[in-house]
Amino acid sequence: MSQTLSPDRVRADIAELLGCEPGEIAPDDNLVDLGLDSMRIMALVERWRAAGATTLEFPDLFELPELGHWQALLAGEAA
């Protein structure tokens, strides 16, 4: 994925929608279990597309809703 989304930005964007501090989210936390519903995930998809992750799709995130996976995916490290 060609974009400029840092791991810190990804964590901060998720924390904003969850109403918590970024440091409260562990890399292996299930973000759906923490309260991130499908509407919020779609909001993140749109936000991150606008930031340059133009090929990002909802299933890319929903398939494995963990912070570490999302950070790797947006950094281009995950398939």
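Heads up: these notes are all about the structure in this document. Please read these numbers as outputs of a predicted model, since none were measured by experiment. Along every chain, residues carry numbers that run from 1 in the direction the sequence is written. For a predicted model such as this one, the threshold for reporting local features is a pLDDT of at least 70, and the threshold for listing and counting side-chain atom pairs is 80 or more; totals across whole chains, interfaces and linings nevertheless cover every residue. Here the side-chain values reflect all heavy atoms present in the structure, with hydrogen atoms and water set aside.

A word on the side chain of Q71. With respect to the element layout, Q71 can be found in helix α4 (residues 67-74). Judged by its relative accessible area of 13%, Q71 falls in the buried class. Any pair of nitrogen or oxygen atoms within 3.5 Å is treated as a polar contact; in protein, a donor-acceptor pairing is required on top of that, and neighbouring residues in sequence qualify only through side-chain atoms on both sides. In terms of polar contacts, Q71 uses its side chain to reach the backbone carbonyl oxygen of P7, at 2.9 Å. When checking whether two residues touch, look at their non-hydrogen atoms; a contact exists if any pair is within 4.5 Å. Apart from the residues lying within four places of it in its own chain, the contact partners of Q71 are P7, V10 and R11. Going along the chain from the N terminus, every DSSP run of H or I of four or more residues is numbered as a helix, and every run of E of two or more is numbered as a strand. The cut-offs for exposure are 20% and 50% of the maximum accessible area for each residue type, with area from a 1.4 Å probe on protein chains only; residues under the lower value are buried, those over the upper are exposed, and the others partly exposed.

At a minimum axis distance of 11 Å, the contact between helix α1 (residues 7-18) and helix α2 (residues 38-50) shows a crossing angle of 140 degrees. With respect to the hand of their crossing, α1 and α2 are arranged in right-handed fashion. Along its contact with α1, which presents R9, V10, D13, I14, E16 and L17, the element α2 presents R40, L44, R47 and W48. Put simply, Ala, Val, Leu, Ile, Met, Phe, Trp, Tyr, Cys and Pro go in the nonpolar bin, Asp, Glu, Lys and Arg in the charged bin, and everything else, Gly too, in the polar bin. In terms of residue class, the contact of α1 with α2 is made up of 5 nonpolar, no polar and 5 charged. Every axis corresponds to a line fitted to the C-alpha atoms, with the helix fit spanning only the stretch in contact, and the corresponding angles, defined between N-to-C directions, vary from 0 to 180 degrees. What makes a crossing left-handed is the near helix being turned counterclockwise from the far one by less than a right angle; a clockwise turn instead makes it right-handed.

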